[in-house]
Amino acid sequence: MKTAVTVAKRIASAVPSLVGVVVVTFLLARALPGDPAAYYAGSSATPESIASIRAHLGLDRPLVWQFVDYVWKLAHGDLGISVSSGKPVLEDLAVRLPASIELTGMALLFALLIGLPLGVLAATKPGRLVDHLCRLVVTVGAAFPTFFVALMLVFVCYYKLGIAPEPLGRLSEIYYTMPPPVTGLLSIDTLLAGDIDAFRGAIAQLVLPSISLGLFALAPIARMTRAAMLTALSSDFCRTARAMGLSSGRIVFGYALRNALLPIVNILGMVFSFLLGANVLVEQVFAWPGVGAYAVNAVIASDYAAVQGFVLMMAILYVLLNLAVDLVATAIDPRVAYDG
Amino acid sequence: MAEPTAASSAPSTVWSDLRHVALGNGLTVAALAVLALIVVLGLIGPAIAPWDPLASSASLTLKPPSLPHPFGTDALGRDILSRVIVAARLDLLMAFGAVVLSFAVGTALGAVAGYVGGAVDQIVGRVMDTIMAFPLFVLAMGIVAALGNSVGNIVIATAVINLPFYVRFARAEVNVRRDQTYVEAARMGGNGPARILIVHIVPNILPAMMVQASLNLGWAILNAAGLSFIGLGVKPPTPEWGIMVSEGASYIFSGEWWTFTFPGLALVTAVFCFNLVGDGLRDVIDPRRRT
């Protein structure tokens, strides 16, 4: 019962964030330099045509009504039309989102698979080689720009060693056939289509971008795991467990790690902020057909509706991910339910 | 890194702490030296660059590193070493500009919110929560797109996404001091809220805020360079590390590695040094926050 209330409270607490996000994206579009109506009317516009476009866009009405109009359209899934592609922004984003989700998911998986064991080992052997390795990874991860790491990886693994496929997109359509889209995630769709070769091809394309993006997320995860494990291992209950003669494996994984999980899960919120932002840079390097690359082109082309749609979608995604992080924290640690 | 020892018997001053940290931590001192070099390059870079960073030459395109051009030349035959040196000023200015801006605005907002409390605190808190509800780099892109594609707006965008960290920090620091006895005494002495805040409280939170700012500088450089890497703000042919990496990236398939490696390494070096010096400064001023 207590937990149900806590969960409901957490879900409700995401609502103000969502409202704030919608207001800010609306205001960002209104902060445009110059007159949007003149922009849409083009270079050969007359004052009359600008005025008619302004009326058509509703820009002659009070700001509050424009906001109501914006929310109304949003509620109906209308994010406007992209000037560069001529298609609805929502459609453009929906086509590209799975590529970004697949990349971000793989990067997170990579970061967790390396970061967690690294942090645990560093905390159990402080001052030893693995601890220094952990510190090195954390320092490097915080100082190397994602895009530079991505380029170096491409140069070494593709150009020099030839062990990675050409860094152009998700699947080379010269060698493989695209699977029929089911989930949009190529690593799953190829399996559903029973095409093992294409599955290998899709995974091979994913490796370098995921590592470049994941390295960036690895640093905070490893640092937090190490710190939380050090705290847990030096606590009274671990001392007692040790005094009772429990095996070190039991103490580390059964006691310390379970208690250290809460700060680790909590830092995932920050990690998602990194990942969703750095996604844009990695997609740019690997010609990845995701929402980030789409947004970069939109910003360069002054395609405001597309940029606004992208920012809004990423923010909503981020708010929901943060909510998920909170709910997971509540699930793994009963103390959270009482604090909330 | 050596752990700080509490064995010093002399009364602890900033200088003795500084010497202690410096002795125990050669890496921080080395980082400080490299950082000083980068700042000097930022100040006098154009005067000491061996070649004109903008002069192109058709006969010198994409030459690998050599004695006259230690970092090689780019697609237009420009000397990459000179461009890397001259770029230091712009990159440092963008980072410092953004950090100073968020530092000043953040301290003011946070201090007022923490001291006054009530509705002001609520509003400031809500606005900061809303900024934090965005993935920060995405918000920066949105701000640059909305305000216009210029270097000044990159600085503003970087400052805005950093603002919540300063506001929250200043708010918390002011909040714990608001009811301390020396503030009570100042209030009894007839000082108004503005004077108490500016003369009595803010000077006390400044050292910790400075640590926050120095830890933030490396991140600000990364952010600004990331924005210019995707083509925002800095326009070619202006030399800037992020845009140089992005220009060099086109030659990765033909193996001209020096075009993107050297500007990228300059960026890494600067961020690395800022982070290490920031850590060192924290150890001196605010040793409890070591991780």
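Residues numbered from 1 in each chain as written. Chains lettered and ligands numbered in written order. Predicted model: local features only at pLDDT ≥ 70, side-chain atom pairs only at ≥ 80, totals over all residues. Heavy atoms only, no water.

Participant: Which parts of the structure should I look at to understand the overall build of chain A?
Facilitator: Regarding its fold elements, chain A presents 14 helices and zero strands. Put simply, chain A runs from its N terminus to its C terminus through helices and strands in the order α-α-α-α-α-α-α-α-α-α-α-α-α-α. Viewed in the frame of its principal axes, chain A has a C-alpha envelope of about 85 × 55 × 40 Å. Relative to its full complement of 340 residues, chain A shows a buried share of 44%. At a minimum sequence separation of 6, the contacts of chain A that also span at least 24 residues come to 71%. In the structure as shown, chain A presents an accessible area of about 16,500 Å², 67% of it carried by carbon and sulfur atoms. The centroid of the 22 positive side-chain charges in chain A is displaced by 16 Å from the centroid of its 20 negative side-chain charges. (Helix = DSSP H or I, 4+ residues; strand = E, 2+ residues; numbered from the N terminus. Buried < 20%, exposed > 50% of the residue type's maximum accessible area, 1.4 Å probe, protein only. Contact = heavy atoms within 4.5 Å. Areas by Shrake-Rupley, 256 points an atom, 1.4 Å probe, with all protein chains shown as cover. Lys, Arg positive; Asp, Glu negative; His and termini not counted. Charge placed at Lys NZ, Arg CZ, Asp CG, Glu CD.)

Participant: Help me understand helix α4 (residues 118-132) of chain B, please; the structure alone is not making it clear to me.
Facilitator: Residues spaced three or four apart along an α-helix face the same direction, because each turn holds 3.6 residues. With 15 residues, α4(B) should reach 21 Å at 1.5 Å per residue; the first-to-last C-alpha distance of 21 Å fits that figure. Considered for burial, the residues of α4(B) that qualify are B:D121, B:V124, B:M128, B:T130 and B:I131. (Expected span 1.5 Å × (residues − 1).)

Participant: I'm lost on the interface of chain B and chain A in this one. Help?
Facilitator: Think of interface size as the accessible area that goes away when the parts come together; that is how it is often given. If you look at the interface, chain B gives 41 residues, while chain A gives 44 residues. Between chain B and chain A lies a buried interface of about 3,600 Å² when both sides are counted; carbon and sulfur atoms form 83% of it. Summed over the shared surface of chain B and chain A, the number is zero salt bridges. Linking chain B with chain A are one residue pair in polar contact (both at pLDDT 80 or more), by the criterion used here. Among the secondary structure elements, those contributing two or more residues to the side of chain B that touches chain A are α4, α5 (136-147), α8 (193-229) and α10 (258-285) of chain B. Examining the composition of the side of chain B that touches chain A, we find that ten residues originate from one element, α5(B), more than from any other. (Buried area = accessible area lost by both parts, 1.4 Å probe. Salt bridge = Lys/Arg side-chain N within 4 Å of Asp/Glu carboxyl O. Polar contact = N/O pair within 3.5 Å; in protein donor to acceptor, adjacent residues only side chain to side chain.)

Participant: Mind showing me how you'd approach the side chain of B:N162 here?
Facilitator: All names here are of chain B. Take N162: it is sitting in helix α6 (residues 151-177). Engagement of the side chain of N162 in a polar contact is seen with the backbone oxygen of T158, the distance being 3.3 Å. Not counting residues up to four positions away in its chain, the partners in contact with N162 are S102, N216, W219 and A220.

Participant: How do you make sense of the domain arrangement of chain A when you look at a structure like this?
Facilitator: Residue and element names in this part refer to chain A. As far as domains go, chain A holds domain 1 (1-84 + 301-340) and domain 2 (96-300). Here the C-alpha centre of domain 2 lies 29 Å away from the C-alpha centre of domain 1. Facing the 20 residues of domain 1 at the interface are 21 residues of domain 2. Counting the surface lost from both domain 1 and domain 2, the interface buries some 1,700 Å², and carbon and sulfur atoms represent 76% of this. Summed over the shared surface of domain 1 and domain 2, the result is five residue pairs in polar contact (both at pLDDT 80 or more). When residues of the side of domain 1 that touches domain 2 are traced back to their parent elements, those giving at least two are α13 (304-332) and α14 (334-339). With 13 residues, α13 is the largest single contributor of residues to the side of domain 1 that touches domain 2. (Domains from an automatic or database assignment.)

Participant: How do you make sense of a nonpolar patch on the surface when you look at a structure like this?
Facilitator: Residue and element names in this part refer to chain B. Taken together, the side chains of V39, V40, L43, I44 and I48 make up a nonpolar region of the molecular surface, amounting to roughly 410 Å² of accessible area. In this structure, V40 sits in helix α2 (residues 26-48). On the basis of relative accessible area, V40 is assigned to the partly exposed category, the value being 39%. (Patch = residues over 30% accessible without salt bridge, like charges linked within 9 Å, V, L, I, M, F, W, Y side chains within 5 Å.)

Participant: It is not clear to me how unusual backbone geometry should be interpreted in this structure. Could you clarify?
Facilitator: Most peptide bonds take the trans form, and the phi angle of most residues other than glycine is negative. Residues B:P236 and B:P237 are joined by a peptide bond in cis, for which omega reads 10°. Along the chain, B:P237 falls in the loop between α8 and α9 (241-248). One non-glycine residue, A:A287, lies in the positive phi region at around 50°. Following the sequence through the fold, A:A287 ends up in the loop between α11 (248-285) and α12 (291-300).

Participant: Could you clarify how one ought to interpret the packing of aromatic side chains in this entry?
Facilitator: Remark: the centre distance and the inter-plane angle together describe each pair of aromatic rings, the angle taken between the planes. For the coordinates displayed, the defined rule picks out 13 aromatic pairs over all chains. Seen in terms of ring centroids, A:F155 and A:Y159 are 5.4 Å apart; in terms of plane orientation they differ by 15°. Their pairing is stacked. With A:F155 and A:Y159 both in helix α7 (residues 146-160) and four residues apart, the pair spans about one turn of that helix. For A:F155, a relative accessible area of 8% gives the class buried. Note on A:Y159: relative accessible area 34%, which makes it partly exposed. Summarising the aromatic geometry, the rings of B:F96 and B:F274 are spaced 6.0 Å apart at their centres and angled 80° between planes, so their arrangement reads as edge-to-face. Of this pair, B:F96 sits in helix α3 (residues 80-116) while B:F274 sits in helix α10; the two residues are 178 residues apart in sequence, bridging distant segments of the chain. For B:F96, a relative accessible area of 34% corresponds to the partly exposed category. Among the aromatic residues, those joined into a cluster by ring pairs are B:F71, B:W257, B:W258 and B:F262. (Phe/Tyr/Trp six-rings, centres within 6.5 Å; stacked < 30°, edge-to-face > 60°.)

Participant: What exactly am I supposed to notice about helix α9 (residues 196-233) of chain A here?
Facilitator: Here α9(A) contains 38 residues, and its C-alpha end-to-end distance of 45 Å is more than 12% below the 56 Å for a straight helix at 1.5 Å per residue. At A:L215, α9(A) shows its maximal kink, close to 35°. (Bend = angle between axes of the 7 residues up to and from the residue.)

Participant: Is there a simple way to think about the packing of α3(B) against α8(B) in this case?
Facilitator: Each packed pair of helices is defined by two parameters, the angle between the axes and the distance between the axes. Residues and elements named next belong to chain B. Between α3 and α8, the shortest axis-to-axis distance is 7 Å and the interhelical angle comes to 145°. Seen from above, α3 lies across α8 with right-handed handedness. Each residue belonging to the contact of α3 with α8 can be placed in one class, and the counts come to 24 nonpolar, two polar and one charged. (Axes fitted to C-alpha atoms, helices over the stretch in contact; angles between N-to-C directions. Left-handed = near helix turned anticlockwise from the far one by under 90°. Nonpolar A, V, L, I, M, F, W, Y, C, P; charged D, E, K, R; others polar.)

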